[in-house]
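# Tertiary structure, described
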Amino acid sequence: MRLSDLTDQTSDALRQAGAYIDDLTTPTVRLGVTGLSRAGKTVFITAFVNALTDHSADPAIKLLNLPGMRGFLEPQPDDALPRFNYEGHLADLMAAPPEWPESTRHISQLRVTLEWQPTDWLRRQAGIQRRLHIDIIDYPGEWLADVGLLEQSFTEWSEHTARLARDAPPGPARDAWLAFANKALAGGRQAEQVALEGARLFQAYLGEQKAAGRLQPSSGPGRFLMPGDFEGSPVLTFCPLDGRLNEASDLEALVKRRFDSYKTLIVKPFFEKHFSRIERQIVLVDVLGALNQGPRAVVEMENALERALAAFRPGRESWVGRWISPRVDSILFAASKADHLNRQNHDRLAAILEKIVERAQTRASGAGARIGFSAIAALRCTEDVTRQGRDGEDDLNCVRGTPVPGQTLDGRALATDQALTVFPGDLPTDPLDAFEPAVIEPGSLSFVRFRPRLETEAAAGDGTTEGELTVQRWPHVSLERVVQFLIGDRLT
Ligand code: GDP
């Protein structure tokens, strides 16, 4: 071996060891992003990562104006977690025409590292760089509801879910599920087939409840609504059983075993390995979607948030309270998609979210972390427009954007090739009115789904290929507040 080889190898090894030590000494903040399905998690993470790694798209985020600041993606620390598909989601938003990316269906992770020069002169002279890893963990809010399941036996869970199904309004899936649950079931060799059929019907019933905004705080299991990587696996092939009706004890033994496996193999590892290590959390809430469906949906949302809060504030006697100590020290509740409303209404939206969470909080027990509220739009798709009111009436606070295909307004199909001005309605000044059927009638607010709108620019190509597309401007609502709340104290 030549000496130069040796020095190369040694310096490589030293470099690698340096990187390793550096990695160990770099502080890390683990940031959880959650919310029920379609709350806006995917779009939020894509916008947040873009803001951290491409500061030119919004120089107004002052916190990121520290000297020498640069942000870049690095390999994530957990080899067993899927990577958040940042590049794919960004490409969808930058496509022509732009498309919304595919929503969150399972847990995923991404590491962004920030590097900047320290603010104090001495350290800067010494050439010391400051670094921070931000590990973003995206997971469906539906999974948080399972915290309540850990406290229940199979029999308790079966009785509880049977009561909920009996009290639920009729619907094809609910009726089919009850018909199945109320008959004597076969066991023996047929047990597996019966379990499969039961799981399918029970899942369809939960899906129907969810679509109608009628999920109760204790409805679950969460993976029946958002299976993640366990879709179709035996650990999700169970359903509640009414033991009094069923003599098929081998069927009962099978589904009971799977119910226990669900808790041991899915729920506990999720809380132990991932949830317990989250330090900062953003909970995205589609308040506007609920307001659009009327006050009953707002109350349902309050229930759903109560389920989420129960996981963050476990009682000492609960499984989570006994076995893991959640580390989360800050939770930001964010009403997403605020760009559906003119900015005159954004504070009202945040105030309604605060009321929804406040009521849920008083019901959830335990001491809390630092909590914040904000109305945000991770990607603003509209401009504010004011329309003059007719005959002395107040001016109308409108928004203007280009609808996605399939949208209607007052029964009319909307064109997708031109921008449209919409008056979405005004939110009540008193946030408590959001819970009053007499004040907000279902359908009195009109929210149109708009196309994403990013300003992009193609670099000059080399004659044979097109130049790379870059984001010139990323419009949003209040992303700087989110950055401040979630990582502001770590950027010094
Ligand atoms: P997820 O299920 O929580 O991952 O939700 P997504 O991030 O996929 O968002 C669901 C849908 O909400 C998107 O397809 C968009 O239609 C809409 N959406 C999300 N964020 C925004 C936003 O900032 N502005 C607007 N106008 N729509 C948004």
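Presented here is a report on the structure given in the accompanying data block. If you're wondering where the values come from, they're calculated on a predicted model, not measured in any experiment.

Taken in spatial order, the seven strands make up an open sheet running β2-β3-β4-β1-β5-β6-β7, and their pairing is mixed. The sheet is open, and its two edges are formed by β2 (70–74) and β7 (370–375), each paired on a single side. Pairs of neighbouring strands in the sheet enclose a mean axial angle of 20°, with direction left out of account. Of the pairings in the sheet, the one linking strand β6 (residues 330–335) to β7 comprises six bridges and is parallel in character. Bridged to Ser330 within β7 is Arg370. Of the strands in this sheet, β1 (28–34), β2, β3 (108–116), β4 (130–138) and β5 (280–285) are in contact with helix α2 (residues 41–53), which crosses β4 at around 170°.

Looking now at the pairing of β3. The buried fraction of β3 amounts to nine of the nine residues, a majority that puts the element mostly inside the structure. Neither face of β3 is open: one carries Ser108, Leu110, Val112, Leu114 and Trp116, the other Gln109, Arg111, Thr113 and Glu115, and all of them are buried. Here β2 pairs with β3 via five bridges, running antiparallel. For Gly71, the partnering residue across the bridge sits in β3 and is Leu114. As paired elements, β3 and β4 share nine bridges and run antiparallel to each other. Bridge pairing in β4 places Leu110 opposite Ile136.

What follows covers the nonpolar core. Judged by nonpolar contacts, the single largest core of 75 residues is most densely connected at Tyr139, Trp177, Val287, Leu291 and Leu349. Looking at which element gives the most residues to this core, the answer is helix α9 (residues 249–274), with nine residues. Three or more residues apiece are contributed to this core by two domains, here domain 1 (26–143 + 275–380 + 473–491) and domain 2 (146–271). For Tyr139, the contacting residues outside a window of four places in its chain are Gly32, Val33, Thr34, Gly35, Lys41, Ile107, Leu144, Phe270, Phe275, Ile278, Gln281 and Phe312. Formed by 47 residues, the second largest nonpolar core is a distinct cluster that contains Ile61, Ile136, Leu379 and Trp474.

The subject of this paragraph is the side chain of Arg280. Relative to the elements of secondary structure, Arg280 occurs in strand β5. Side-chain polar atoms of Arg280 contact the side chain of Asp329, separated by 2.8 Å. Only 2.9 Å separates the side chain of Arg280 from the side chain of Asp489, close enough to count as a polar contact. Those residues in contact with Arg280 that sit more than four places away from it in its chain are Val29, Arg30, Leu31, Gly32, Val328, Asp329, Ser330, Arg370, Leu486, Ile487, Asp489 and Arg490.

Across the junction of Ala96 and Pro97, the peptide omega takes the value -5°, indicating a cis bond. Relative to the helices and strands, Pro97 is located in the loop between α3 (86–94) and β3. Even without being a glycine, Arg38 presents a positive backbone phi close to 70°. Mapped onto the elements, Arg38 comes out in the loop between β1 and α2. The backbone of Ser478 sits at a positive phi, close to 65°, despite the residue not being glycine. Here Ser478 lies in the loop between β14 (469–473) and α14 (479–487).

What follows concerns the site of the ligand. Close to the ligand lie 19 residues; Arg38, Lys41, Thr42, Ser103 and Arg449 are nearest. Within the backbone of Leu379, an N or O atom sits 3.1 Å from an oxygen atom of the ligand. Within the contact set of the ligand, an oxygen atom lies 2.9 Å away from a side-chain nitrogen or oxygen of Arg449. When the ligand sits alone it has 580 Å² of accessible area, and the protein chains cover 98% of it. Of the residues assigned to the shell around the ligand, the class counts are eight nonpolar, six polar and five charged.

Thresholds, definitions, all that
Residues numbered from 1 in each chain as written. Predicted model: local features only at pLDDT ≥ 70, side-chain atom pairs only at ≥ 80, totals over all residues. Heavy atoms only, no water. Pairing = 2+ DSSP bridges. Helix = DSSP H or I, 4+ residues; strand = E, 2+ residues; numbered from the N terminus. Axes fitted to C-alpha atoms, helices over the stretch in contact; angles between N-to-C directions. Contact = heavy atoms within 4.5 Å. Buried < 20%, exposed > 50% of the residue type's maximum accessible area, 1.4 Å probe, protein only. Core = buried A, V, L, I, M, F, W, Y, C linked by side-chain atoms within 4.5 Å. Domains from an automatic or database assignment. Polar contact = N/O pair within 3.5 Å; in protein donor to acceptor, adjacent residues only side chain to side chain. Near = heavy atom within 4 Å. Areas by Shrake-Rupley, 256 points an atom, 1.4 Å probe, with all protein chains shown as cover. Nonpolar A, V, L, I, M, F, W, Y, C, P; charged D, E, K, R; others polar.

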